[in-house]
Amino acid sequence: MHIFYQYFGTADPFPTIGGNTLKILIILSLIFLCSCQKQSEPQDINTLLLSIKNYQCTMDVTFYSNKNEINCLANQTYKYPDNYSLKFSDNGLSFSYSEKMLTLANNFLNLSTNYENYENINTNPLFLSYFLNSYFNSSSKNIIESNLQKVSINLPNNSSYITHATLELQNNLPYSLTYYDKNNKPKLNILYNEFSFAKPKV
C-alpha cells in the first residue's frame, strides 16, 4: 500500500509532537514518501483543465485534524510530464522530483536526501496534477459552470481519510482546492495565489 494512504488511514494523522515546524516536516515527508486578475469569460471546463500542463503558483496550505490546523506558505512548479517542485517559505523545506528521483531538503539546515526510482509522485494531493489526473479518471463529477467554476469529484483508489475533492476556479484560474473525508469534513485546503500557465487560445 502506498505510504500516503497508510498515513491518511491512521486515526489521527497530525499527532501533537511539539512545534509546528517539526509537525510540518513529519507530515510533508510522510506525504512524499507514502504532491489580482482581469475578469474573463468562463471556458469549457474540460478544455481549461486539459490545458494546465505547465504551471507555477504560490499556495496557502492548511492541514486539518481533529485537534488542530496547520498553515504554511509554499511555491509550487510543475512541468509536464514529470518535473515537480515544492518549496515552503516558512520552514526551509523543499521537495523536487525529476526522472524518478525525489529530493527532500531542509534549506535552513543545508540537509538533503535523495530517493531513486520513486514512482508515486503523481498521487500526492499537494500537487494540482493529482486532482487533474483524478478528474479525468473519475466516474463521478459535479460541474457548475459560472464565473466561479466548481468541480467536485470522487477520488479513485481513495482511502478512508480522503474520499472526494472540490476545485474552485475564478476567472479561468484555480482558486481553491479542498480534500474531504467520508464525513465531508475538510482535511486539506490549498488556496492558490499568482497562478500562471499557458492559457489555451480561443
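As a reminder, the structure under discussion sits directly above these lines.
Residues numbered from 1 in each chain as written. Predicted model: local features only at pLDDT ≥ 70, side-chain atom pairs only at ≥ 80, totals over all residues. Heavy atoms only, no water.

Colleague: Which parts of the structure should I look at to understand the overall build of the protein chain?
Modeller: When its secondary structure is counted, the protein chain shows four helices and eleven strands. Every one of the 202 residues in the protein chain was classed for burial, and the buried ones make up 47%. Counting only carbon and sulfur atoms, one obtains 48% of the accessible surface of the protein chain, whose full area is about 10,400 Å². (Helix = DSSP H or I, 4+ residues; strand = E, 2+ residues; numbered from the N terminus. Buried < 20%, exposed > 50% of the residue type's maximum accessible area, 1.4 Å probe, protein only. Areas by Shrake-Rupley, 256 points an atom, 1.4 Å probe, with all protein chains shown as cover.)

Colleague: In this structure, what is going on with unusual backbone geometry? I would like to understand it.
Modeller: Note: most peptide bonds trans; most residues except glycine with negative phi. Here the amide bond leading from Tyr-80 into Pro-81 is cis, since omega sits at 5°, within 30 degrees of zero. Of note, Pro-81 is situated in the loop between strand S2 (69-79) and strand S3 (83-88). Residues other than glycine seldom take positive phi values, yet Glu-99 does so here, at roughly 50°. Position of Glu-99 among the secondary structure elements: in the loop between strand S4 (93-98) and strand S5 (101-106). Assessed through its relative accessible area of 68%, Glu-99 is described here as exposed. One non-glycine residue, Asn-184, adopts positive backbone phi at about 65°. With respect to the helices and strands, the residue Asn-184 is situated in the loop between strand S10 (173-180) and strand S11 (186-197). Residue Asn-184 is classed as partly exposed on the basis of its relative accessible area of 49%.

Colleague: What exactly am I supposed to notice about the sheet that holds S3 here?
Modeller: Sheet strands associate in pairs through backbone hydrogen bonding, adopting either a parallel or an antiparallel arrangement. Pairing within the open sheet is antiparallel, and its eleven strands lie in the order S6-S5-S4-S3-S2-S1-S11-S10-S9-S8-S7. Of all the strands in the sheet, just strand S6 (111-116) and strand S7 (141-144) have a single pairing partner and so form its edges. Going from strand to strand, the sheet's axes swing by 15° on average, the running direction of each strand aside. (Pairing = 2+ DSSP bridges. Axes fitted to C-alpha atoms, helices over the stretch in contact; angles between N-to-C directions.)

Colleague: It is not clear to me how the nonpolar core should be interpreted in this structure. Could you clarify?
Modeller: In summary, soluble globular proteins display a tendency toward joint burial of nonpolar side chains. Tyr-55, Leu-128, Phe-131, Tyr-179, Tyr-192 and Phe-195 are the most contacted members of the largest nonpolar core, which has 46 residues in total. The contact partners of Tyr-179, leaving out residues within four places of it in the chain, are Pro-125, Tyr-130, Phe-131, Leu-155, Ile-162, His-164, Ala-165, Lys-185, Pro-186, Lys-187 and Leu-188. (Core = buried A, V, L, I, M, F, W, Y, C linked by side-chain atoms within 4.5 Å. Contact = heavy atoms within 4.5 Å.)

Colleague: Is there a simple way to explain the pattern of salt bridges in this structure?
Modeller: Between side chains of opposite charge, a pair can form as their charged atoms come close. As enumerated under the stated definition, the model contains two salt bridges in all. In this structure, Glu-119 and Lys-100 form a salt bridge, with 3.6 Å as the shortest nitrogen-oxygen distance. Placement of Glu-119 in the loop between S6 and helix H4 (128-136) and of Lys-100 in the loop between S4 and S5 is noted, with a sequence separation of 19 residues between them. The closest approach of N and O atoms between Glu-168 and Lys-150, which form a salt bridge, is 3.7 Å. Separated by 18 residues along the polypeptide, Glu-168 in strand S9 (residues 164-170) and Lys-150 in strand S8 (residues 148-154) bring together distant segments of the chain. (Salt bridge = Lys/Arg side-chain N within 4 Å of Asp/Glu carboxyl O.)

Colleague: What am I meant to see in the pairing of S2 here?
Modeller: Side-chain direction in a regular strand flips from residue to residue, so the side chains alternate between the two faces of the sheet. Alternating residues of S2 divide into Ile-70, Cys-72, Ala-74, Gln-76 and Tyr-78, all buried, and Glu-69, Asn-71, Leu-73, Asn-75, Thr-77 and Lys-79, none buried. Sheet topology note: the strand S1 (residues 55-64)/S2 ladder contains ten bridges and is antiparallel. Counterpart to Asp-60 in the pairing with S2 is Leu-73. Summarising the sheet, S2 and S3 pair through six bridges and their orientation is antiparallel. Looking at the pairing, Ala-74 lines up with Phe-88 of S3. Between the end of S2 and the start of S3, which pair antiparallel, lie three residues.

Colleague: What is the right way to read the environment of Asn-71 from this model?
Modeller: Within the secondary structure, Asn-71 sits in strand S2. Once the C-alpha coordinates of Asn-71 and Asp-60 are considered, the two residues, eleven residues apart in sequence, prove to be 7.2 Å apart. In terms of polar contacts, Asn-71 uses its side chain to reach the side chain of Thr-62, at 2.6 Å. (Polar contact = N/O pair within 3.5 Å; in protein donor to acceptor, adjacent residues only side chain to side chain.)

Colleague: Help me out: how do you make sense of the environment of Tyr-118 in this one?
Modeller: By the element assignment, Tyr-118 lies in the loop between S6 and H4. C-alpha of Tyr-118 to C-alpha of Tyr-97: the two residues are 21 residues apart in sequence and 8.7 Å apart in space.

The values are spatial; any link to function lies outside them.
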